[in-house]
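Summary of the model geometry
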Amino acid sequence: MAHQRSLPSDAATAMPVDAMAELLPDGLVVVGADQVIRFVNTEALRVLGAARDDLLGRPVREALPLADKAGHDWWAHTDPWDGLPTRTGHREKLLVGPDGRDLLVTARYARTERGGRLERVLVGLRDAQARQRAERDSATVLATVAHELRAPLTSVAGFTNSLLRRWDRFTDEQKRLMIETIQSDASRLTRLIGELLDISRLDADRLALRRGPVDLEDLLRRHVVRHELSRKGQLTLRLGRRAREEGVPELWADADRLEQVFFNLIENASLHGGGNITVTLERDGGEPAGVVVHVDDTGDGVLPEDRERVFDRFWHGADTTTTGLGLYVVRGFVEAHDGTVSVGESDSGGARFTVRLPASIPDFLPDRA
Ligand SMILES: Nc1ncnc2c1ncn2[C@@H]1O[C@H](COP(=O)(O)OP(=O)(O)OP(=O)(O)O)[C@@H](O)[C@H]1O
Ligand SMILES: [Mg+2]
């Protein structure tokens, strides 16, 4: 078995360099002047999916074959040992490692002096998958956003164009219909852009809550009135037993964000669920008490295998007419309040979305908990 030779310790920190190398977030492989691997940290083993003995004490070209995307042997191409003595290393490069793994590889050549004999080659290794996945992800987001913005914009541009060019040829009724469509597409755009901004804040962890006292019962009652006025079906607000007996605790929360949370849940219930919607507000456990809200509908419900997925951004099931951002925003806002949201089944077999919000204490008061 090959033994890992200890590197000298750093006098300033009194910590051996190999222990420090273990703390590195990246994989590190050190190759000697004889092209034999002298040191490997644990992260390198993880990235390569190799055991220490596969690498340590073995010639680097054999034990750690690297190729570029065209399949050229990277060691032959760069050749730190016989290449130009002025070379100091390599910037990050995407290479293919053993087992066809994608790796982000950097190299630093340690010489006795500038342009002198090569003593060691330090190779940095990173798993390229996570970064590639993130890049693919943001490319998908961009494509989806562009697509979502284009549909309403095309309709706004098309109808205004027709109206301007052939104003006299349309009847009043036709004009009214076109302007109504323009208005509804414009408000869809405004909402979409608002959601996208919220999402970018959520993703960047930059969502700042503007907290104040919130009477959730009052907030939900206003939704009931609005829902009735829009004649979208029936929406009932119920108070749970404990809420009736002990009252609904006042929350210290961001009213606008909670407004949007329940707007999205109620909109989903009427759009995807259908039938009658019941919102139940109950006092939750804990001291001080939090609240729990169920939004139940009488539709077909959400399949058990989709119950996590519905909260993903841009997930909209088979319905291609909606964007799939609503629940992503809901979860982001609820979690920003240290709450939770999940979906299960309502008594009628429809969907039951449950939001739990903990009691929170205004920042300016001493912590009572
Ligand atoms: N109450 C519900 N009953 C059945 N399915 C639901 C319900 N609520 C959400 N879903 C499913 O979850 C998907 C995601 O919902 P979400 O609110 O995130 O997006 P959306 O409603 O499709 O679009 P957006 O809210 O951005 O306009 C919906 O498309 C639907 O398939
Ligand atoms: Mg929705």
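Quick notes on the site of ligand 1
The environment of ligand 1 is formed by 21 residues, the closest being N268, G317, T322, G326 and L327. For the shell around ligand 1, the secondary structure elements donating two or more residues are α10 (255-273) and α11 (326-336). Here the shell around ligand 1 gets 5 residues from one element, more than from any other, and that element is α10. When the residues that make up the shell around ligand 1 are grouped by side-chain class, the tally is 8 nonpolar, 11 polar and 2 charged.

Description of the pairing of strand β7 (residues 118-127)
Pairing of strand β3 (residues 27-32) with β7, which is carried by 6 bridges, proceeds in the antiparallel orientation. Bridged to L28 within β7 is G124. Bridge count for strand β6 (residues 102-111) against β7 is 9 bridges, and the pairing is antiparallel. In the sheet register, V105 faces β7, and the bridge partner there is L125. Here β6 hands over to β7 after 6 residues, with G115 in that stretch at a positive phi of 75 degrees.

Description of the environment of E308
With respect to the secondary-structure elements, E308 resides in the loop between β12 (291-296) and α11. C-beta crowding within 10 Å serves as the criterion here: with 12 such atoms nearby, E308 is assigned to the exposed category.

A look at the sheet that holds β6
Spatially, β4-β3-β7-β6-β5 is the arrangement adopted by the 5 strands of the open sheet, whose pairing is antiparallel. Two strands in the sheet have a free side with no partner beyond their single neighbour: β4 (37-40) and β5 (89-96). Direction aside, the axes of adjacent strands within the sheet are offset by 20 degrees on average. Together, β5, β6 and β7 form the strand contacts of helix α6 (residues 128-165), whose direction differs from that of β6 by roughly 130 degrees.

The rules behind the values
Residues numbered from 1 in each chain as written. Chains lettered and ligands numbered in written order. Predicted model: local features only at pLDDT ≥ 70, side-chain atom pairs only at ≥ 80, totals over all residues. Near = placed C-beta within 6 Å. Helix = DSSP H or I, 4+ residues; strand = E, 2+ residues; numbered from the N terminus. Nonpolar A, V, L, I, M, F, W, Y, C, P; charged D, E, K, R; others polar. Pairing = 2+ DSSP bridges. Buried ≥ 20, exposed ≤ 12 C-beta atoms within 10 Å, placed from the backbone. Axes fitted to C-alpha atoms, helices over the stretch in contact; angles between N-to-C directions. Contact = placed C-beta atoms within 7 Å.

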